[in-house]
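Summary of structural features
Residues per chain are reported as follows:
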Amino acid sequence: MKLSMPTTTMFSKFKSGGGAQSPLETNPIGQFFEIGKQTASAGPELVWRIHDAYRKSDGKECSVFLFEKRCAEKLHKPKRKETVTEILRSSVRQLERFRHPKILHVLHPIEECAETLAFASEPVFASLANILAHQEGSGNHGGITATGASQQPAVRSAYAREYNFLDIEYKYGILQITEALSFLHYSGHVLHRNVCPASILVTKKGTWKLAGLEFTERVNDVDGVEPVPCQPWTSRLSKMAQPNLDYTAPETQTQSICSILSDMFSLGMVICAIFNQGRPLIQAGNSSSAYLKQLELLEDQVHNIMPRVPLPLQEATVRLLSKDTRQRPTAQLLTLIKYFSDPAVHALQFLDVINMKDPTQKAHFYRNTLKEALPFIPKKLWYQHVWPSLQQEMRSQEVLAAVLQPVLYLIQESTIEEYESIILPSFRSVFSAPKTVQATVTLLENLHIILEKTPRDDIRTEVLPMLYNAFESTTIQVQSAALVAVTNVSEYLDETAIRRMILPKTKIIYEKNQSDLKIVSNVLSCVERTLDRLDKSQIIDEVLPLLYDIRLSDPQITLRVVNIYRLMLSDKKYGLSVNLMATKVMPSLLPQTVNPSLNLEQFTILLEVLQEMLDQIDRNQRNKLKLDNLSLPSPERHRPLRHQYSSDNMHVPPFNIPNLRIEQRKTSSAEDMARKNSTGGMLGGWWFGGSPSSPDSNFLRVVNAFPNRRLSDNTLMTPKIRIAPSCASSPGGTPGGGLPIRRHSSIGPQERRGSTVNLSPPTGAIGYSSVSREGSSLSVPSTYLARSMIGGSMPNTSSSVPFLLSSSMQSIRSRRPSAVLGGSQGSGLLQQLGSGMVQYSTGKLPIDPVANIYRIQSNRTINLLPYASNSMKKDPRAVHQFFYAR
């Protein structure tokens, strides 16, 4: 399959050369790959040129390594030229032989022509030598230079690549090379012999791969630590045909022996170069004598470089660079140090070998290990290292559900630009591709995360069709997940879809799964979130019947139903009328008030909603009853309901008796004395109605008791007190026509004041009551007050009414219930009231010290206190008891 035109056009710009034929065009590898420009270099003396490429068969990205044989022509000896070519050809075969995740993966074997050698590998960004060369030539001279090395300014390589490593990349990269060496030493039983930055390649995923197997040496299969003979570096051979002298182990150069521990020394030198701005601790300049001189000072160099090396790695690095091979750790031991004990590093390691794992291991890794490690992996590695692996796995239905877990985390944490440019192009295919039930459920339950970043056009054309199709599924898990999705993404749905498709499907799902609490809970959540998008008729005809039908056995279900009712109560547009509340809603909720499964918070919420319903019913009914009462014909409209004047009713409007206060008379020790006075004496006869039949008994005469007072000052006008007959009142007047009335010159009709009192209509019993007005107290029978209340307001007359003055003019005494007399005493009191006399009942009156016992707001005032005895003056309470006793 050929590449599309845009890709071909792109690579045409990268191809080198003008009219002359390029070396790439002569090599047969060009038949299989579309090769672009050179981006990096690697191998001995960086003889391998690395080009970006794509495989023509499937468009797979890769890199092509090219060696031009003419590079070795300067050696002038054809034998040497052929030696270099054979070494490079052999190295590619060794790479194909040793297949390991930490060793460079060859995609296409070696292809050769007269001018070039070439092979293809996985995509490579650059060699570590290219990256360190950029650091070395970046102008930062903070690196430590080897003692005795020439102090020439660093010259940046033509293919130096800028790459800023993160700390975790150093850690992971060093671990990868260590694991590659462990594989070669213990599985391949070979030495690498050329571990250096030019042999380490950094892929486009950010992983480090070991290559450069040009100088491998076979070791003892039993014990790799056992030394084997080897060729030291010599100036008699080409530099291209020998390992890098700066990274060679001391025993190789001095004793012509090597072992697996020699590779570990070379690894230690690489570690120091990484943390020393790309400069190796030994810079021999291809001179064996310079190497030996600098080797003697290596220990000091290591000591100087240690502050730059991460602390957990310092001890291992010092031991790796020891001249004594016995001090050096093996590759297996090095992987176990604390520096590499990092969950994020372990997750990245597993990704490198994910293709070697079975589906069960993959699913566990994606669902648990990787998802937990992603927060600790830098975002740079998400898209560089993790996302490519996830892209590959999303094509497999077996592990798609597990892969979606880390993918959704990446979506949630990515920016909109990152999502649209990196993730969405590959992720878009998941919406329409066939999926397992678990994968579909995972997508639906997390649909809100996807829609937050997805463009509106893609939502309408790609995502929502998947949601609507889920309601058609016969699998209950998918249907339940669809309900959850609607709850989470309701704002992205149009009203037509909600009304015509989602609500009917939701009802069907409920009807088929009424016993499944999870399904019922999801149905209620879906209804609650879409309630605003439904019209009133749908709520009344479809939603409310569904709510009535739900069994409120589980507290969570009950709470969700209550929350929906609370939402309906907040606005009349939902159509929850008082009739529905009273006849449907409250009867279904009231039994839950005694549900023992409800906790305190749930019970409180339930009661608040019920109370709110009651309040709405109360307001509605009261308004309705008031309107009905106003529409009644006279005189019925003047007859208020008895309960409206009960003290239990706090909303009753006040009636027009000015400043009434009902007080209960307290018992007094002076009652016996008062009882004696009531049978005889001028004052006692007046106060307690001793002569009810005499017309003169209506006047208070104190001349005999108090001879020093003038008659005109000692005379009170009788109050005009009338008891209303049982007949109805005439229109416009006081109901009953004969209710007790009084008039005071200081109070006009507009100044009538009402008071809330606890009065009951007369039942044959008469109680004593005290009426307080503007600091005065008026003692009248309860019958008088009750009839006055029922009859309405009290018109003023010219008669005066006696008042009792309390000791505090400013205090307003609280209402006390009146005492009630028996029916047998009622007629006597009524007769006394008819003649202007006041008879006290057996109830208790408050004992209040007073100065002015009696005041008449007319032309004359009588103050009885000066006429009391001296002993009584000392105790105002005794005065009070005297005048109030029976």
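Throughout what follows, the structure given in this document is the object of discussion. (Residues numbered from 1 in each chain as written. Predicted model: local features only at pLDDT ≥ 70, side-chain atom pairs only at ≥ 80, totals over all residues. Heavy atoms only, no water.)

So, about the layout of surface pockets. Sizing a probe to match a water molecule and rolling it over the atoms shows the empty space that remains. Taken as a whole, the second largest pocket encloses approximately 1,300 Å³ of empty space. Along the wall of the second largest pocket there are 39 residues; nearest its centre are Lys-60, Lys-205, Asn-355, Pro-388 and Gln-392. Contributions of two or more residues to the lining of the second largest pocket are made by α12 (343-352), α14 (379-393) and α16 (416-432). A per-element tally of the lining of the second largest pocket places α14 first, with five residues. By residue class, the composition of the lining of the second largest pocket is 17 nonpolar, twelve polar and ten charged. (1 Å grid on protein atoms, 1.4 Å probe; cavity = no way out; pocket = protein on both sides within 12 Å on 5 of 7 lines; lining within 4 Å. Points joined across faces, edges and corners; volume = space filled by probe spheres on them. Helix = DSSP H or I, 4+ residues; strand = E, 2+ residues; numbered from the N terminus. Nonpolar A, V, L, I, M, F, W, Y, C, P; charged D, E, K, R; others polar.)

This part is about the sheet that holds strand β1 (residues 33-42). In space, the five strands of this open sheet follow the order β1-β2-β3-β5-β4, with antiparallel pairing throughout. The two strands at the open ends of the sheet, each matched to only one other strand, are β1 and β4 (106-112). In this sheet, adjacent strand axes meet at a mean angle of 25° when their direction is disregarded. In this sheet, strand β5 (residues 116-121) lies alongside strand β3 (residues 61-68) in antiparallel orientation, the contact comprising six bridges. (Pairing = 2+ DSSP bridges. Axes fitted to C-alpha atoms, helices over the stretch in contact; angles between N-to-C directions.)

Looking now at helix α20 (residues 476-489). Given a rise of 1.5 Å per residue, 14 residues ought to cover 20 Å, and the 20 Å separating the end C-alpha atoms of α20 matches this to within 8%. Burial within α20 is extensive, with ten of its 14 residues counted as buried. Listing the buried residues of α20 in full gives Val-478, Gln-479, Ser-480, Ala-481, Ala-482, Leu-483, Ala-485, Val-486, Thr-487 and Val-489. Check the buried side of α20 and you find it contacts α17 (437-445), α18 (447-453), α19 (456-470), α21 (495-512) and α22 (517-530). (Expected span 1.5 Å × (residues − 1). Buried < 20%, exposed > 50% of the residue type's maximum accessible area, 1.4 Å probe, protein only. Contact = heavy atoms within 4.5 Å.)

Turning to the nonpolar core, a few remarks are in order. Ranked by size, the top nonpolar core spans 195 residues in total, and within it Phe-427, Leu-467, Tyr-565 and Met-568 carry the most contacts. Top element by residues in this core is helix α7 (residues 260-274). It accounts for eleven residues. Contact partners of Phe-427, with chain neighbours within four places excluded, come to Met-394, Leu-404, Val-407, Ile-411, Tyr-419, Leu-443 and Ile-450. With ten residues, the next largest nonpolar core counts Phe-33, Ile-35, Leu-66 and Ala-120 among its residues. (Core = buried A, V, L, I, M, F, W, Y, C linked by side-chain atoms within 4.5 Å.)

Another aspect to go through is helix α25 (residues 578-589). Think of an α-helix as 3.6 residues a turn; residues three or four steps apart then line up on the same face. Residues of α25 that are buried: Val-578, Met-581, Val-585, Met-586 and Leu-589. The buried residues of α25 occupy an angular sector of 90° when projected down its axis, which confines them to one face. Exposed and oriented more than 90 degrees from the buried face of α25 are Asn-579 and Thr-583. The inward-facing, buried residues of α25 contact α23 (536-549), α24 (555-569) and α26 (600-630). (Arc of directions from axis to C-beta.)

The next point concerns the side chain of Gln-479. As for its placement among the helices and strands, Gln-479 is situated in helix α20. A relative accessible area of 13% means that Gln-479 is categorised as buried. Ignoring any residue separated from it by four or fewer positions in sequence, one finds Gln-479 in contact with Ala-470, Phe-471, Ser-473, Thr-474, Ile-509 and Asn-513.

This part is about the pairing of β3. Among the eight residues in β3, seven count as buried, and that is most of the element. Relative to β3, strand β2 (residues 48-55) is paired through six bridges, and the arrangement is antiparallel. Bridged to Ile-50 within β3 is Phe-65. Following β2, the chain reverses through five residues before pairing antiparallel with β3; Gly-59 in that reversal takes a positive phi of roughly 75°.

Side chains bearing opposite charge may pair, as long as their charged atoms lie close to each other. Across all of its chains, the model carries 27 salt bridges by this definition. Linking Arg-89 and Glu-86 is a salt bridge whose minimum nitrogen-to-oxygen distance equals 2.4 Å. With a gap of three residues between them, Arg-89 and Glu-86 both fall in helix α3 (residues 78-97), about one helical turn apart. Under the relative-accessibility criterion, Arg-89 is labelled buried at 9%. Residue classification places Glu-86 among the partly exposed residues on the basis of a relative accessible area of 35%. The partner of Glu-495 in a salt bridge is Arg-499, and the shortest N-O contact between them spans 3.4 Å. (Salt bridge = Lys/Arg side-chain N within 4 Å of Asp/Glu carboxyl O.)

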